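Close look at the chain arrangement
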Amino acid sequence: MLNGIYRNPTGVYFGKDVELNIGNKVKEFSNKILLHYGGDSFKKYGLYDKVVNSLKAASVNFIELGGVKSN
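Keep in mind the model is a prediction, meaning the values are calculated, not measured. (Residues numbered from 1 in each chain as written. Predicted model: local features only at pLDDT ≥ 70, side-chain atom pairs only at ≥ 80, totals over all residues. Heavy atoms only, no water.)

**A short note on the nonpolar core**
Side chains of nonpolar character tend, in soluble globular proteins, to be buried together. Put simply, the test is: Buried Ala, Val, Leu, Ile, Met, Phe, Trp, Tyr and Cys residues form a nonpolar core when they are joined through side-chain atoms within 4.5 Å. Working definition: with a 1.4 Å probe on protein chains only, accessible area under 20% of the residue-type maximum means buried, over 50% means exposed, and in between means partly exposed. Counting from the N terminus, the helices are the DSSP runs of H or I reaching at least four residues and the strands are the DSSP runs of E reaching at least two. Contacts: residue pairs with any heavy atoms within 4.5 Å of one another.
Counting nine residues, the largest nonpolar core consists of Leu-35, Tyr-37, Phe-42, Tyr-48, Val-51, Val-52, Leu-55, Ala-58 and Val-60. Of the residues forming this core, the biggest block, four residues, is contributed by helix α3 (residues 47-57). In contact with Phe-42, not counting residues within four places along its chain, are Tyr-37, Leu-47, Tyr-48 and Val-51.

Next comes the structure, spelled out in structure tokens:
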């Protein structure tokens, strides 16, 4: 077996209007991401548009994968 280190740090951002700045947070790590989400509520309540606009404003390219089922 090879020796190694696996790190998977996770940040959880929450609070009023944090989705409006998520593009800048993502940009700190990458300029290309996979945007995956479950059902229609992400779009129905307007969160999708806010996140996508923030990603585009930060010049983060993304590929979408909707309809992800929970385990």
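**Structural notes on α3**
This is how the line gets drawn: The reported arc concerns the directions from the helix axis to the C-beta atoms and nothing else.
Listing the buried residues of α3 in full gives Tyr-48, Val-51, Val-52, Ser-54 and Leu-55. Along α3, the residues classed as buried sweep out an arc of 160° about the axis, all on the same side. Seen from the open side of α3, the exposed residues pointing more than 90 degrees away from its buried face are Lys-56 and Ala-57. The elements touched by buried residues of α3 are α1 (22-27), β1 (32-36), α2 (41-44) and β2 (61-65). Remark: Ser-59 follows α3 within two positions and exhibits a positive phi of approximately 60°.

**As for the confidence of the model for the protein**
Applied cut-off: Across the chain, each position has a pLDDT score giving the predictor's confidence in that residue, from 0 to 100.
The pLDDT averaged across the protein works out to 94; a share of 100% of its residues lies at or above 70. Per-element mean pLDDT across the protein ranges from 92 in α2 up to 97 in α3.

**Description of the packing of aromatic side chains**
Using the following cut-off: Stacked, tilted and edge-to-face are the three classes applied to pairs of Phe, Tyr and Trp rings, where Trp contributes its six-membered ring and a pair requires centres within 6.5 Å; stacked means planes under 30 degrees apart, edge-to-face means over 60, and tilted covers the rest. A ring has a charge above it when a Lys NZ or an Arg CZ is no more than 6 Å from the ring centre and no more than 35 degrees off the ring normal.
Under the counting rule described, the total for this entry stands at three aromatic pairs. Consider the rings of Tyr-37 and Phe-42, whose centres lie 5.0 Å apart with planes at 40°: the pair is tilted. On the basis of relative accessible area, Tyr-37 is assigned to the buried category, the value being 12%. With relative accessibility at 16%, the residue Phe-42 sits in the buried group. Site record: aromatic cluster; members linked through ring pairs are Tyr-37, Phe-42 and Tyr-48. Just above the ring of Tyr-48 sits the side chain of Lys-43; from NZ or CZ to the centre is 4.7 Å.

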